[in-house]
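Observations on the three-dimensional arrangement
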Amino acid sequence: MRDAELKKRLLTLEQEHRDLDSAIVALQQSGSYDQLQIMRLKKRKLLLKDQIRHIEDQILPDIIA
């Protein structure tokens, strides 16, 4: 993938990560939520974080001097 495509994908993943965070907080504050649903959302959020880090590494790879 080119840098422009990677950056676009990165922005999409970051937005989804923020949306999941907001959804988790909203569900927890509602008082009546399914713990399994919260766990699934948190797992999805962790997977997104891994994907975000992977794309960031592709855009700016570590250079060992």
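Here, the structure is the one placed above.
A few points on the structure. (Residues numbered from 1 in each chain as written. Predicted model: local features only at pLDDT ≥ 70, side-chain atom pairs only at ≥ 80, totals over all residues. Heavy atoms only, no water.)

**Regarding the overall build of the protein chain**
- Within the protein chain, the regular secondary structure consists of two helices and zero strands.
- C-alpha atoms of the protein chain, sized along the principal axes, occupy 50 × 25 × 15 Å.
- Counting every position in the protein chain, which comprises 65 residues, the buried fraction comes to 18%.
- If you take every contact in the protein chain between residues at least 6 apart in sequence, the share linking residues at least 24 apart comes to 71%.
- Total accessible area on the protein chain stands at roughly 5,300 Å², and carbon and sulfur atoms take up 54% of it.
- Seen as two clouds, the 12 positive and the 11 negative side-chain charges of the protein chain have centres 3 Å apart. (Helix = DSSP H or I, 4+ residues; strand = E, 2+ residues; numbered from the N terminus. Buried < 20%, exposed > 50% of the residue type's maximum accessible area, 1.4 Å probe, protein only. Contact = heavy atoms within 4.5 Å. Areas by Shrake-Rupley, 256 points an atom, 1.4 Å probe, with all protein chains shown as cover. Lys, Arg positive; Asp, Glu negative; His and termini not counted. Charge placed at Lys NZ, Arg CZ, Asp CG, Glu CD.)

**A word on the pattern of salt bridges**
- For the structure shown, the criterion picks out three salt bridges.
- Between Glu16 and Arg44 there is a salt bridge, and its shortest N-O distance comes to 3.0 Å. One end of the pair, Glu16, is in helix H1 (residues 3-30); the other, Arg44, is in helix H2 (residues 35-59), and 28 residues separate them in sequence.
- Look at Glu16 and you get partly exposed, because its relative accessible area is 29%. (Salt bridge = Lys/Arg side-chain N within 4 Å of Asp/Glu carboxyl O.)

**Looking at the nonpolar core**
- By size, the foremost hydrophobic cluster in this structure holds eleven residues: Leu6, Leu10, Leu13, Leu20, Ile24, Ile38, Leu41, Leu48, Ile52, Ile55 and Ile59.
- Breaking this core down by element, the ones donating at least two residues are H1 and H2.
- Examining the composition of this core, we find that six residues originate from one element, H2, more than from any other.
- The contact partners of Leu41, leaving out residues within four places of it in the chain, are Leu20, Ile24 and Leu27. (Core = buried A, V, L, I, M, F, W, Y, C linked by side-chain atoms within 4.5 Å.)

**What to know about the environment of Val25**
- Of note, Val25 is situated in helix H1.
- Here Val25 falls in the partly exposed class, since its relative accessible area comes to 36%.
- Between the alpha carbons of Val25 and Ile38 there is a distance of 9.4 Å; along the sequence they are 13 residues apart.

**Overview of H2**
- Given a rise of 1.5 Å per residue, 25 residues ought to cover 36 Å, and the 36 Å separating the end C-alpha atoms of H2 matches this to within 8%.
- Three or more residues of H2 are buried, namely Ile38, Leu41, Leu48, Ile52, Ile55 and Ile59.
- Lining the buried residues of H2 we find H1.
- For H2, the N-terminal cap is Asp34; the gap from its side-chain oxygen to the backbone nitrogen of Leu36 is 3.2 Å. (Expected span 1.5 Å × (residues − 1). Polar contact = N/O pair within 3.5 Å; in protein donor to acceptor, adjacent residues only side chain to side chain.)

These values are about where atoms sit, not about what they do.
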